[in-house]
Amino acid sequence: SGVPIFDVNSSGVSYFDGDVGIGTDSPTAKLSLSGSQSALDLTRGDAGDSKWGLSSDSTALYIAELSTGSTDYIMTFKETTGNVGIGVTGPLSKLHVSSANAVVTIEATTNGQNCSTWYKANGNNQWETGCNIGAGQDYEIFDRLNGASRMVVGHNGDVTIPGNVGIGVTGPTAKLTLADHTT
């Protein structure tokens with residue numbers, strides 16, 4: 001074809017015409033890495049700068065921070081379960097966050113938009129919790145199945161529950177029903 005398979009020129013531009021294999025003579029993509037613990041290290045700048053690793057084994061894909069001289073796994077994607085771990089290499093659920101101070105932040109960056117989590121069962125919206133659902137910036141538990149607010153906690157500390165509340169009893173018949181179990 002007249003086009004070189006590999007070319008390095010004086011301007012510093014190099015290219016391969018085709019797929020490149022490292023650890024394999026049969027690459028299946030533009031870049032194929034193969035080995036007992038295939039890894040790709042990404043380093044920005046000189047020594048001491050950010051250094052990241054992308055590796056895999058027979059069960060997962062790992063993203064690790066390598067600048068400290070040790071392998072600190074940041075994120076894990078499990079092959080057979082589809083589970084994702086942040087700060088954990090063996091995630092036990094679809095999203096497993098592990099840290100000394102495990103905080104998950106959900107932020108709406110547009111004023112007036114929901115900042116919430118949705119709970120679905122069998123593809124149907126069941127519940128939504130968060131702020132700005134229907135109660136402005138207050139925290140709300142919203143029944144998506146029936147389209148109704150079930151509880152609002154205001155920034156002033158007020159709690160509004162539109163239905164009946166039972167303490168120590170199921171099926172309360174008044175706005176507040178208390179069961180006395182002192183005997």
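For the structure itself, consult the block above.
Note that this is a predicted model, so its numbers are computed, not measured.

A. Examining the sheet that holds strand β14 (residues 148-153) more closely. Here we have 5 strands laid out as an open sheet, ordered β11-β12-β13-β14-β15, and antiparallel in their pairing. Every other strand in the sheet has two partners, leaving β11 (115-121) and β15 (159-160) as the edge strands with one partner each.

B. Up close: the sheet that holds strand β5 (residues 39-43). If you trace the 6 strands from one edge of the open sheet to the other, you get β5-β6-β7-β8-β9-β10, paired in mixed fashion. Whereas interior strands pair on both sides, the edge strands pair on one side only; in this sheet they are β5 and β10 (95-97). The average undirected angle you get between the axes of adjacent strands in this sheet is 15 degrees. Bridge count for strand β6 (residues 51-56) against strand β7 (residues 60-65) is 5 bridges, and the pairing is antiparallel. Opposite G53, over in β7, you have A64 as the bridge partner.

C. A look at the environment of K78. Position of K78 relative to the elements: it lies in strand β8 (residues 72-78). The exposure class assigned to K78 is partly exposed, which follows from its relative accessible area of 22%. Sequence separation between K78 and Y62 is 16 residues; the distance between their C-alpha atoms is 8.8 Å. Other than its neighbours up to four places away in sequence, K78 contacts T59, A60, N83, T89 and P91. In this structure the side chain of K78 is engaged in a polar contact, spanning 3.3 Å, whose partner is the side chain of T59.

Reading guide: rules and limits
Residues numbered from 1 in each chain as written. Predicted model: local features only at pLDDT ≥ 70, side-chain atom pairs only at ≥ 80, totals over all residues. Heavy atoms only, no water. Pairing = 2+ DSSP bridges. Helix = DSSP H or I, 4+ residues; strand = E, 2+ residues; numbered from the N terminus. Axes fitted to C-alpha atoms, helices over the stretch in contact; angles between N-to-C directions. Buried < 20%, exposed > 50% of the residue type's maximum accessible area, 1.4 Å probe, protein only. Contact = heavy atoms within 4.5 Å. Polar contact = N/O pair within 3.5 Å; in protein donor to acceptor, adjacent residues only side chain to side chain.

The quantities given are spatial measurements derived from coordinates; they are silent on function.
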